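One-letter residues, chain by chain:
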Amino acid sequence: QVQLVESGGGLVQAGGSLRLSCAASGRTFSSTYTMGWFRQAPGKEREFVAVISWKGDSIYNADSVKGRFTISRDNPKNTVYLQMNTLKPEDTAVYYCAVARMTGITTTQQWFDYWGQGTQVTVSS
């Protein structure tokens, strides 16, 4: 099994920044797995935010966060990060870290095998 623990969420004013972290652990986790971030706003379905391949050479971001959010990873630490800048009230959501047992990238939730519990991000106007 794989365990994912997110941290770094909180309350921030519009225009501010937050950095989310997600630490992976477990006997079956491999640093060659793809890692990603998703979010779910109140009353809405969970949506894709960003994904990164195991080498970090393939990255894809949702259009809504391009130019503002940056995904990165530290494989020796089994950790993925999401640097969020210029935050907007519409970024308010629970943010989830996820792992897909593949080396390529995908934005499809069904391909992600493990999920964290989520961390709340609230952006005030």
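A few points on the structure.

Definitions and cut-offs
Residues numbered from 1 in each chain as written. Predicted model: local features only at pLDDT ≥ 70, side-chain atom pairs only at ≥ 80, totals over all residues. Heavy atoms only, no water. Helix = DSSP H or I, 4+ residues; strand = E, 2+ residues; numbered from the N terminus. Rg over C-alpha atoms; globule rule 2.2 N^0.38 Å. Buried < 20%, exposed > 50% of the residue type's maximum accessible area, 1.4 Å probe, protein only. Contact = heavy atoms within 4.5 Å. Areas by Shrake-Rupley, 256 points an atom, 1.4 Å probe, with all protein chains shown as cover. Lys, Arg positive; Asp, Glu negative; His and termini not counted. Charge placed at Lys NZ, Arg CZ, Asp CG, Glu CD. Core = buried A, V, L, I, M, F, W, Y, C linked by side-chain atoms within 4.5 Å. Polar contact = N/O pair within 3.5 Å; in protein donor to acceptor, adjacent residues only side chain to side chain. Salt bridge = Lys/Arg side-chain N within 4 Å of Asp/Glu carboxyl O. Pairing = 2+ DSSP bridges.

Digging into the overall build of the protein
Consideration 1: Looking only at helices and strands, the protein has zero helices and eleven strands in total.
Consideration 2: By the compact-globule yardstick of 14 Å for 125 residues, the protein fits well, its C-alpha radius of gyration being 13 Å.
Consideration 3: If you line up the protein on its principal axes, its C-alpha atoms span 40 × 25 × 25 Å.
Consideration 4: Taken over 125 residues, the protein has a buried fraction of 43%.
Consideration 5: Sequence-distant contacts, at least 24 apart, represent 59% of the contacts inside the protein between residues at least 6 apart.
Consideration 6: Counting every atom, the protein has about 6400 Å² of accessible surface; 46% of that belongs to carbon and sulfur.
Consideration 7: A distance of 5 Å separates the average location of the 12 positive side-chain charges in the protein from that of its 9 negative side-chain charges.

Considerations on the nonpolar core
Consideration 1: Grouped together as the largest cluster of nonpolar side chains are 36 residues, with contacts concentrated most on Trp-37, Leu-82, Met-84 and Tyr-95.
Consideration 2: Listed by contribution, the elements that provide at least two residues to this core are β3 (18–25), β4 (34–40), β5 (47–52), β7 (69–74), β8 (79–84), β9 (93–100) and β11 (119–124).
Consideration 3: At six residues, the largest contribution of residues to this core is made by β9.
Consideration 4: If we skip the residues at most four places from it in the chain, Leu-82 touches Leu-18, Arg-19, Leu-20, Trp-37, Val-49, Ala-50, Phe-69, Thr-70, Ile-71 and Tyr-95.

Quick look at the side chain of Thr-79
Consideration 1: Along the chain, Thr-79 falls in strand β8.
Consideration 2: When its relative accessible area of 9% is taken as the criterion, Thr-79 is described as buried.
Consideration 3: Side-chain polar atoms of Thr-79 contact the backbone oxygen of Lys-77, separated by 2.8 Å.
Consideration 4: Among residues more than four places away in sequence, those in contact with Thr-79 are Ser-21, Cys-22, Ala-23, Ser-72, Arg-73 and Asp-74.

Concerning the pattern of salt bridges
Consideration 1: Evaluation of the coordinates by the stated rule reveals five salt bridges.
Consideration 2: The salt bridge involving Asp-63 is made with Lys-66; its shortest N-O contact spans 3.1 Å.
Consideration 3: Among the residues examined, Asp-63 registers a relative accessible area of 61% and is labelled exposed.
Consideration 4: Residues Asp-91 and Arg-68 are paired through a salt bridge, measuring 2.7 Å at the closest nitrogen-oxygen approach. Separated by 23 residues along the polypeptide, Asp-91 in the loop between β8 and β9 and Arg-68 in the loop between β6 (59–61) and β7 bring together distant segments of the chain. No difference in accessibility class separates Asp-91 from Arg-68, as the two residues are buried.

Focus: the pairing of β3
Consideration 1: Judged from the five bridges that link them, strand β1 (residues 3–7) and β3 form a sheet pairing that is antiparallel. Across the sheet, the residue bridging to Glu-6 is Cys-22, located in β3.

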